[in-house]
Amino acid sequence: MITIIISTLSLALIGVSLRQIFHSLEFEHKIFSVQLFVSVMMLYTIVMVGFGIIYAALILQGLEVYRADAPFIQENWTQEMIRSVYFSGVTLFTVGYGDLTPVGIGKWIAISEAMVGYTLPAALVAKVWLKHKEER
């Protein structure tokens, strides 16, 4: 039950963050601004940590969402969170290093996260370009 609550709250935070960046970013009449850069970095951090919390919560409930090349030993909450945020970051920004492999429901969560990671840059570029075009 607690896993469902934590996962739902994490997904809600990710969704609100995604919505916020597309609805409220005001650019300083430039294509690139420090505000945009910081906003994008914060958004990626929220998405990465949010999915990391979901992975860690599921692991701590006994579900295997990823498998390590080395023998998998369930650690304390802090170590699971660090490993889960690492897995989340690798999934969000790359196709993976191969040291952790998604399994079971983790495959579907990783696919969802990878889709966000791949579509977010294109969506942000389109938003900035359209905003810049409107200002001309």
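This text follows the structure it describes.
Each residue is numbered by its place in its chain's sequence as written, counting from 1. Confidence filtering applies because this is a predicted model: local features only for residues at pLDDT of at least 70, side-chain atom pairs given and counted only at 80 or more, and all residues used for totals across whole chains, interfaces and linings. Heavy atoms from the whole structure form the basis of all side-chain values; hydrogens and water molecules are not counted.

### So, the overall build of the chain
Here comes step 1: Secondary structure elements follow DSSP: runs of H or I of four or more residues count as helices, runs of E of two or more count as strands, with numbering from the N terminus. Across its full length, the chain holds four helices and two strands.
Here comes step 2: N-terminal to C-terminal, the α/β element order of the chain is α-α-β-α-β-α.
Here comes step 3: Burial here depends on accessible area, computed with a 1.4 Å probe over protein chains only, as a share of the maximum for the residue type. Under 20% is buried, over 50% is exposed, and the range in between is partly exposed. The 136 residues of the chain split such that 38% are buried.

### Focus on helix H3 (residues 77-93)
Here comes step 1: When the terminal C-alpha atoms of H3 are compared, their 24 Å separation across 17 residues agrees well with the 24 Å that a helix rising 1.5 Å per residue should span.
Here comes step 2: By the burial criterion, the buried members of H3 are Glu80, Met81, Arg83, Ser84, Val85, Phe87, Ser88, Gly89, Val90, Thr91 and Leu92. Expected span of a helix: the number of residues minus one, times 1.5 Å.

### Quick notes on the packing of aromatic side chains
Here comes step 1: Two rings from Phe, Tyr or Trp (for Trp, the six-membered ring) form a pair when their centres are within 6.5 Å of each other. A pair whose planes differ by under 30 degrees is stacked, one over 60 is edge-to-face, and the rest are tilted. This model, assessed by the stated rule, comprises five aromatic pairs.
Here comes step 2: Aromatic pair tyrosine 55 and tyrosine 66: ring centres 6.4 Å apart, planes at 75 degrees, arrangement edge-to-face. Of this pair, tyrosine 55 sits in helix H2 (residues 34-60) while tyrosine 66 is found in strand E1 (residues 66-68), placing the two residues eleven residues apart along the sequence.
Here comes step 3: For tyrosine 55, a relative accessible area of 0% gives the class buried.
Here comes step 4: A ring pair is formed by tyrosine 86 and tyrosine 97, whose centres lie 6.4 Å apart and whose planes are at 25 degrees; its orientation type is stacked. In this pair, tyrosine 86 sits in helix H3 while tyrosine 97 sits in the loop between H3 and strand E2 (100-102), placing the two residues eleven residues apart along the sequence.
Here comes step 5: Among the aromatic residues, ring-to-ring pairing joins Tyr55, Tyr66 and Phe87 into one connected group.

### Quick word on the pattern of salt bridges
Here comes step 1: Only one rule defines a salt bridge in this text: a Lys or Arg side-chain nitrogen within 4 Å of an Asp or Glu carboxyl oxygen. Per the stated rule, a full pass over the model turns up two salt bridges.
Here comes step 2: The residue glutamate 64 makes a salt bridge to arginine 67 at a minimum N-O spacing of 3.1 Å.
Here comes step 3: Judged by its relative accessible area of 42%, arginine 67 is partly exposed.
Here comes step 4: We note a salt bridge from glutamate 80 to arginine 83, for which the minimum N-O separation is 3.2 Å. Linking glutamate 80 with arginine 83, this pair stays in helix H3, spanning three residues, or about one helical turn.
Here comes step 5: In this structure glutamate 80 comes out as buried when scored by relative accessible area, which is 0%.
Here comes step 6: Overall, arginine 83 belongs to the buried group, its relative accessible area being 19%.

### A closer look at the nonpolar core
Generally speaking, soluble globular proteins have nonpolar side chains that are buried together.
Here comes step 1: In plain words, nonpolar cores are sets of buried Ala, Val, Leu, Ile, Met, Phe, Trp, Tyr and Cys residues tied together by side-chain atoms within 4.5 Å. The biggest cluster of nonpolar side chains holds 27 residues, and the ones touching the most others in it are Val47, Phe51, Tyr55 and Tyr66.
Here comes step 2: Counting residues per element, the ones that place at least two in this core are H2, E1, H3 and helix H4 (105-135).
Here comes step 3: The dominant element in this core, judged by the number of residues it contributes, is H2, at twelve residues.
Here comes step 4: Between two residues, a contact is recorded if the distance between any of their heavy atoms is within 4.5 Å. Those residues in contact with tyrosine 55 that lie beyond four places of it in its chain are Val65, Tyr66, Ser84, Phe87, Ser88, Thr91, Gly106, Ile109, Ala110 and Glu113.

### A few points about the side chain of threonine 91
Here comes step 1: Within the secondary structure, threonine 91 is located in helix H3.
Here comes step 2: Aside from chain neighbours lying at most four places away, what touches threonine 91 is Tyr55, Ala110, Glu113 and Ala114.

### Quick look at the side chain of serine 88
Here comes step 1: Residue placement: serine 88 occurs in helix H3.
Here comes step 2: Exposure remark for serine 88: the relative accessible area of 0% places this residue in the buried category.
Here comes step 3: Once residues within four sequence positions are removed from consideration, serine 88 is found in contact with Val47, Met48, Phe51, Gly52, Tyr55 and Glu113.

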